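Summary of structural features
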Amino acid sequence: MLTAPSRQAPLDAIPPSLEVEGLHLSYGGTPALRDIALHVGPGEFVALLGASGCGKSSLLRAVAGLVRPERGSLRLAGRCMSGVPAHSRNVGLVFQGYALFPHMTAAGNVRFGLECRGVGRAEADRRVAAALALVGMAELAARRPAQLSGGQQQRVALARALVVEPDLLLLDEPLGALDRQLRTGMQAELRALQRRLGVAALFVMHDQEEAMSLADRVAVMRGGAIEQVDTPERLFTHPRNAWVCGFIGAGSLLRGPLQPAGGGLWRLDVAPGIAFTAAGAAPGALFVPAGRMRLLPAPDGRSAASWVWASSCGWTPRPDPSWRCCRPATRRRSRRGGRCCCRPTRPRAGCWRTGRGCRCDSP
């Protein structure tokens, strides 16, 4: 019977479902994977996201044992997979094209993996029935793939991967061939099923919306390497570099000439009369999440930047010291109903003195 794995052991005693370190793979001398490092925890749903040709499917095939990397280590549920053939790895693989045997019924396709593992007939019958019921295909068990819709074929392919009770579920864009409405429904069903069974999953996809809505963490890939692995929220708010920021489309990159501002600060002039002061190493660009920054008029005619929250690739933005902040003694209410509470020597982001009085946009 397909059930969630036991959670009696402490979580720190359960090995990761997948551990990849320093993985390299080439096709005919052309690198496909470069120094890949990735961990997938028990019950975790991790998405591989990137443009076509970035190495997503190659990484999935390497984990499944369909290709042999030149070097690096790969462990499944704590077991080293060096030299272990694909049929001996306890993984379930779902392809985009379903890959169902046309001469077999739905039940026969699901049973195939159990027969390859030498599971007895009675046990196989029980597990096949449970897997088909799990994906809502019990009543169509006797139909052949040609008699099933695209969504029904995908359910059979998913049942075939789950019936072997894998340590890791590998999905290579399994929803890509479905229309958008059906794909959206299958996304929710797939995620709910994965959570109920507690099986770890590595999901290849090129659709950002799908990746952000389904995954616990997202690995963004480019040119055979992983640029960043993080939660969907942190990918939007803390992209590691300018390329990730541009690929995710999470906000704006502000660029401009740098000038030392003293005290370990740098001044970034993004346009005439618009500048930011930042702490840390000399940055190349300031990242501002979408919808998190506003430009307000300043009393000297320049533009003062106000942000609810902002981060950048390795540095922290601060208000320009030359923009005067309201005095604590005034304690005026802003038009938004907030109070100014900053000091002239240490202004708070978002709190400015304008021609109409104090304006406070701090969170």
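Model, not experiment: these values are computed from the prediction.

Turning our eyes to something else, we now look at the environment of Leu 100. Relative to the assigned elements, Leu 100 resides in the loop between strand S6 (91-94) and helix H2 (106-116). Assessed through its relative accessible area of 14%, Leu 100 is described here as buried.

Across the interface, helix H4 (residues 150-162) lies against helix H5 (residues 180-197) with an axial gap of 12 Å and an inter-helix angle of 20 degrees. Regarding the angle of H4 to H5, the classification is roughly parallel. The handedness of the crossing between H4 and H5 comes out as right-handed. Of the residues in H5, those touching H4 at Gly 151, Gln 154, Arg 155, Leu 158 and Leu 162 are Leu 182, Met 186, Glu 189, Leu 190, Leu 193 and Leu 197. For the contact of H4 with H5, a count of residues per class yields seven nonpolar, two polar and two charged.

What follows concerns the nonpolar core. Soluble globular proteins tend to pack their nonpolar side chains together in the buried interior. Ranked by size, the top nonpolar core spans 48 residues in total, and within it Leu 158, Leu 169 and Val 218 carry the most contacts. Among all residues touching Val 218, those that are not within four sequence positions of it are Ala 47, Leu 49, Ala 211, Met 212, Gln 228, Val 229, Asp 230, Pro 232 and Leu 235.

Okay, helix H3 (residues 121-134) next. Here H3 is 14 residues long and its end C-alpha atoms lie 20 Å apart, about the 20 Å a rise of 1.5 Å per residue gives. Every buried residue of H3 is listed here: Ala 124, Arg 127, Val 128, Ala 131, Leu 132 and Leu 134. Considered in projection along H3, the buried side chains sweep an arc of 150 degrees and stay on one side of the axis. Contacts made by the buried residues of H3 are with H2, H4 and H5. Just beyond H3, the residue with positive phi is Gly 136, at close to 75 degrees.

Inspection of every chain in the model, using the stated rule, returns three aromatic pairs. Judged by centre distance (5.1 Å) and plane angle (10 degrees), the ring pair of Trp 243 and Phe 247 falls under stacked. Within this pair, Trp 243 and its partner Phe 247 are both found in helix H8 (residues 242-248), separated by four residues, close to a single helical turn.

Along the polypeptide, Gln 259 turns up in strand S12 (residues 258-262). Sequence separation between Gln 259 and Asp 269 is ten residues, and the spatial gap between their C-alpha atoms is 8.2 Å.

The set of residues buried in H2 consists of Ala 106, Ala 107, Asn 109, Val 110, Arg 111, Gly 113 and Leu 114. Lining the buried residues of H2 we find H3 and H4. Looking at the residues trailing H2, positive phi occurs at Gly 118, about 75 degrees.

Attention shifts here to the pairing of strand S8 (residues 200-205). The buried fraction of S8 amounts to six of the six residues, a majority that puts the element mostly inside the structure. Burial along S8 is two-sided: the face carrying Ala 200, Leu 202 and Val 204 and the face carrying Ala 201, Phe 203 and Met 205 are both buried. As paired strands, strand S3 (residues 45-49) and S8 are joined by five bridges and run parallel to one another. What sits directly across from Ala 47, in S8, is Phe 203.

What follows covers the sheet that holds strand S4 (residues 71-76). With antiparallel pairing, four strands are arranged side by side in an open sheet as S2-S1-S4-S5. Strands at the two margins of the open sheet, each flanked by one partner only, are strand S2 (30-40) and strand S5 (79-80). Bridge count for strand S1 (residues 18-27) against S4 is five bridges, and the pairing is antiparallel. Paired with Glu 21 across the bridge in S4 is Ser 73.

This brings us to the environment of Gly 97. Tracing the sequence through the fold places Gly 97 in the loop between S6 and H2. Judged by its relative accessible area of 60%, Gly 97 falls in the exposed class. Put simply, Gly 97 and Leu 175 are 78 residues apart on the chain and 9.2 Å apart in space, counted from C-alpha to C-alpha.

Reading the values: rules and limits
- Residues numbered from 1 in each chain as written.
- Predicted model: local features only at pLDDT ≥ 70, side-chain atom pairs only at ≥ 80, totals over all residues.
- Heavy atoms only, no water.
- Helix = DSSP H or I, 4+ residues; strand = E, 2+ residues; numbered from the N terminus.
- Buried < 20%, exposed > 50% of the residue type's maximum accessible area, 1.4 Å probe, protein only.
- Axes fitted to C-alpha atoms, helices over the stretch in contact; angles between N-to-C directions.
- Parallel < 35°, antiparallel > 145°, perpendicular 65-115°, else oblique.
- Left-handed = near helix turned anticlockwise from the far one by under 90°.
- Contact = heavy atoms within 4.5 Å.
- Nonpolar A, V, L, I, M, F, W, Y, C, P; charged D, E, K, R; others polar.
- Core = buried A, V, L, I, M, F, W, Y, C linked by side-chain atoms within 4.5 Å.
- Expected span 1.5 Å × (residues − 1).
- Arc of directions from axis to C-beta.
- Phe/Tyr/Trp six-rings, centres within 6.5 Å; stacked < 30°, edge-to-face > 60°.
- Pairing = 2+ DSSP bridges.

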